[in-house]
Structure formats: C-alpha cells, structure tokens
Amino acid sequence: MFAKKMYLVIVSIAIMALVAACAAPAAQPTEPAASGGDGNITIGVTMKFDDLWLTTLRDAMSEYAATQPGVELVMVDSKEDVATQLAQVENFVAQQVDAIIVIAANTDAADPMTKAAQDAGIPLVYVNRLPSNLPEGISYVGSESIQAGIMQAEWLAEQLGGKGNVVIMNGDLAQEAAQKRTEGEKQVFAKYPDITIIREDTGNWSRDQGLALMENWLASGDQIDAVAANNDEMAIGALQAIEAAGKLGEILVGGVDASPDALQEMDKGRLDVTVFQNAKGQGEGGIQVAIALAKGESVEQFTWIPFELVTPENYKNYMN
C-alpha cells in the first residue's frame, strides 16, 4: 500500500512539472549586436605620424576621443606609404572596428581602401586630404585646399603691387592638398600680367627640401620677389636659404598651416604670410563624424573647416 501511494505522488509531481514547462514562454533568439551597440566604439585611424602639423591634428583626435565615453582609438602610422596604409585598413576591417579614419598617403590611390571599408559595411571618414574619388556614403572632414592657395596668393600679389617674379614650392603632388593649393595660387597670379612664375618644383612638405630648392633657385641668379610655398615647413626652409644668401627682407615668403614654428618666424618679422589650417577643428570633426556614423546616424558627406589668412597684423591671435 505504501509503495502504491509513493508511486502516485511521483507521477503527480512529474505531471505538474510537465505542465509548468509547457506554460513557460519560449526563449527568444538573441539579436546580433549593432556596431557600437554595446555602448563602446572602436575607431581605427591610419595617418602619417612624422609630420609637425599632422601631429597637432593627431593630438586633437586623441584628446577629443578621450572625452567621449566608450570611445577607443587605434592609431597606426601609415609611413606615407600606399601599400602599408591599405594593409592597415584591411587589418581594421579584420578587427571589425566600428569606424575607420584615413588621412590618405596618396589621394589618387584611395579607391582600394574605400572599397575594403564599403565591402565590410564599416563607416569610413577621410580627413584633411580629399581623395580624387569620394563615392556617396563616404565622408570627408577638412578644408577646401584651393582656398588656401587663393588666400595666400592674393596677399602676396597685393604686396608685390601686381608685378614681380614668383617661385612656387609644391608639396607631395600625389596629394590633393598640394595639387589644389598650387592651382589656387596660379589662378590668382594669372590675373596679373606683370607677375611671372619663373620656377616651380616639389619640396614634398619638407623644410630640408624647401631649403635645397631655394638654394638652387637663388644660385641661378634670377630675380625672385616672392615665394609661394604649399606649407609652412617648406616656407621656413626657403627663409633659411634666403637668410644664408643675405637676402632676408628682400623676398616675400608665404606658407600654409600657421604652425607654431611658422608663427614664431612671423613674430621675428621673417615670415610674411601664412594661412591657418585648423588642425584641432579637423581632428575633432573627424572623430565626431566617425562616432555619429558608428551609431548609425546620418551626417553630411562634407564637413568643411574654413581656412583663415594670417598676417603680421593678426598673427598673435593664433599663437596659442
């Protein structure tokens, strides 16, 4: 009798457990997390490290990202090499970062990087150097390079009184910034029949190469009235050659960037004009756009950071 009662109890418990299991809601499948869906955002950045102005931009990126909760930057040095930079972008894709920022080593060779990011569905933001091909859906943060050349050349032409011999120092001609800044300079000088461009060559953004170029041009014996350099580093190199030749103050020299070193040269009365390119604005803007895209937000394709003319009258406003 006791055994029969125990059997009935066990059967009753089993039936109750079965009923409870059937009444419980079925487990729902877990949705895959969206990019940045866990509140953390990883942004891969590839750019040249060994550059004075770009270092300011890189610092601005790091400082701004540090103020944004959950944002992590992975920054790598492109060495200004196309193959190296493409491999870095492909590595970011493999790591499944939430967004990629590129300062292109060669703006005419950016298509493979663009395709790699697009194929992976990872937001891509180009900063500072505008690729020659920027398809819809790919963002750019920077300044309109041609405006820097125009602003610089207009000031030089006015100071020359509309006449004189000018030399142009190009940056890396594989990059949009050098191409467009020179285009802007030539647009302006072409408006003055009595201004002649007598020399033009590339100094690859380098102070040492700017120095060597200017030494060669001065050694030719040609009359040179102004130097239009695509950046401040080459302009400072030109100043060094001009000083060594005993012609300081006789030749106008213009640069672009308003770098700290350039502003010091202006403070000494040596550099005549430069154009402020806002490294902080571009760096912060690039991170802001990358974060927005990682969150799935809509942004304008182009975010323009204006250039500003810097002269002996207003340069102190930029020294900090």
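These numbers come from a predicted model, not from an experiment.

Undergrad: Teacher, can you tell me more about the overall build of the chain here?
TA: Assigned secondary structure in the chain consists of 10 helices and 12 strands. Relative to its 320 residues, the chain shows a buried fraction of 48%. Taking as baseline every contact in the chain between residues at least 6 positions apart, the subset at least 24 positions apart corresponds to 75%. Of the accessible surface of the chain, which amounts to about 15600 Å², a share of 52% is contributed by carbon and sulfur atoms.

Undergrad: Help me understand the sheet that holds strand β8 (residues 226–229) in this model?
TA: Within a sheet, neighbouring strands are paired by backbone hydrogen bonds and run either parallel or antiparallel to one another. The parallel open sheet is built from 4 strands, whose spatial order is β7-β6-β8-β9. Every interior strand has two partners, whereas the edge strands, β7 (194–202) and β9 (252–254), have only one. Sheet twist, expressed as the average angle between the axes of neighbouring strands with direction ignored, equals 20°. Both β8 and β9 contribute to a ladder of 3 bridges, which runs parallel. In the strand pairing of β9, A228 is matched with G254.

Undergrad: Which parts of the structure should I look at to understand the sheet that holds strand β3 (residues 99–102)?
TA: Taking strand neighbours across the sheet as the criterion, the 6 strands line up as β2-β1-β3-β4-β5-β11 in an open arrangement whose pairing is parallel. Single-partner strands in this sheet number two, and they are β2 (71–77) and β11 (302–304). Sheet twist, expressed as the mean angle between neighbouring strand axes with direction ignored, is 20°. Relative to β2, strand β1 (residues 41–47) is paired through 7 bridges, and the arrangement is parallel.

Undergrad: Is there a simple way to explain the confidence of the model for the chain in this structure?
TA: Interpretation of the predicted coordinates at a detailed level should be avoided for regions scoring low in pLDDT. The pLDDT averaged across the chain works out to 90; a share of 88% of its residues lies at or above 70. Note on residues 1–35: pLDDT under 50 across the span, and 2 contacts to partners over four residues away in sequence or across chains.

Undergrad: What is the right way to read the environment of I251 from this model?
TA: Relative to the assigned elements, I251 resides in the loop between α8 (232–244) and β9. I251 has contacts with M214, L218, I224, D225, A226, V227, I242 and D272, leaving out every residue within four places of it along the chain.

Undergrad: How should the nonpolar core be read in this particular structure?
TA: Nonpolar side chains in soluble globular proteins tend to be buried together. Grouped together as the largest cluster of nonpolar side chains are 29 residues, with contacts concentrated most on M169, M214, V227 and V310. Looking at this core, the elements that each hand over two or more residues are β6 (163–170), α6 (176–189), α7 (207–219), β8, α8 and α9 (260–267). In terms of residue count, α8 provides more of this core than any other element does, 6 residues in total. Each residue touching M214, except ones within four places of it in the same chain, is listed here: M169, I224, V227, A238, A241, I242 and I251. Membership of the second largest hydrophobic core comes to 26 residues, among which are L54, L57, I287 and I291.

What counts, and where the lines are drawn
- Residues numbered from 1 in each chain as written.
- Predicted model: local features only at pLDDT ≥ 70, side-chain atom pairs only at ≥ 80, totals over all residues.
- Heavy atoms only, no water.
- Helix = DSSP H or I, 4+ residues; strand = E, 2+ residues; numbered from the N terminus.
- Buried < 20%, exposed > 50% of the residue type's maximum accessible area, 1.4 Å probe, protein only.
- Contact = heavy atoms within 4.5 Å.
- Areas by Shrake-Rupley, 256 points an atom, 1.4 Å probe, with all protein chains shown as cover.
- Pairing = 2+ DSSP bridges.
- Axes fitted to C-alpha atoms, helices over the stretch in contact; angles between N-to-C directions.
- pLDDT = per-residue confidence, 0-100.
- Core = buried A, V, L, I, M, F, W, Y, C linked by side-chain atoms within 4.5 Å.

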